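# Structure assessment
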Amino acid sequence: MTLSLHGTDIVITRSGAACPQSCVQPHSAAAGIDTLGELELIDFLTGSAADGTGLLIDTRAPEQFSAETLPGAVNVPELTLRSDNPYRDDLLGALGATADDFSTAFTLVLFAQDAGDPRAVDGLRALLIAGYPAEKLRFYRAGVSGWTALGLSSTQGEG
């Protein structure tokens, strides 16, 4: 991308994995969904997750989750949240939703590998399409890589 800033052309390039497999994701996953930083995520873990009203969701594949994840996370691969999953209603039920009633559903924070991994954003959008209320959804954009880059501890996923 080339842009002009104060009369000077600036070129922004990107190296690494190709898009669409690894596209830089937006800061905001969708309208009404808060994006959390690390301190807000820790507050979520010590608050909603600790009191049983919230879940931290790792949207990556089970083998990635098993190798390394964030403390307190459960694995719900993004593919399972899509409308073409015949068991999605069962999954929504496990998240506290009943029929079209999400009043007792968990507050969820979704994350993936890093800011270039689309699985958390795709999972959040799939939940919105299913009727999950935006006010019960959060996005941790930095993912496992951002968390560990700051020296925060990770764990092996259980499940």
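Remember, it's a predicted structure, so these values are computed and weren't measured experimentally.

What counts, and at which threshold
Residues numbered from 1 in each chain as written. Predicted model: local features only at pLDDT ≥ 70, side-chain atom pairs only at ≥ 80, totals over all residues. Heavy atoms only, no water. 1 Å grid on protein atoms, 1.4 Å probe; cavity = no way out; pocket = protein on both sides within 12 Å on 5 of 7 lines; lining within 4 Å. Points joined across faces, edges and corners; volume = space filled by probe spheres on them. Nonpolar A, V, L, I, M, F, W, Y, C, P; charged D, E, K, R; others polar. Helix = DSSP H or I, 4+ residues; strand = E, 2+ residues; numbered from the N terminus. Buried < 20%, exposed > 50% of the residue type's maximum accessible area, 1.4 Å probe, protein only. Contact = heavy atoms within 4.5 Å. Polar contact = N/O pair within 3.5 Å; in protein donor to acceptor, adjacent residues only side chain to side chain.

### Describing empty space enclosed by the protein
Under the definition given, this model contains one cavity of 30 Å³ or more. Each pocket or cavity is described by its volume, and for the largest cavity that value is around 40 Å³. If you go around the largest cavity, the residues you meet are Gln-25, Ala-112, Gln-113, Asp-114, Ala-115, Asp-117, Ala-120, Phe-139, Tyr-140, Arg-141, Ala-142 and Gly-143. When grouped by side-chain class, the residues that make up the lining of the largest cavity number six nonpolar, three polar and three charged.

### Some thoughts on the environment of Tyr-132
Inspection of the secondary structure assignment puts Tyr-132 in the loop between helix 4 (119-129) and strand 7 (137-139). For Tyr-132, a relative accessible area of 2% translates into the label buried. Remark: the alpha-carbon pair of Tyr-132 and Thr-107, spanning 25 residues in sequence, is separated by 9.7 Å. The contacts of Tyr-132, once residues within four sequence positions are left out, are Leu-92, Leu-95, Phe-102, Ala-105, Phe-106, Leu-108, Leu-127 and Leu-137. Side-chain polar atoms of Tyr-132 contact the backbone oxygen of Phe-106, separated by 2.6 Å.

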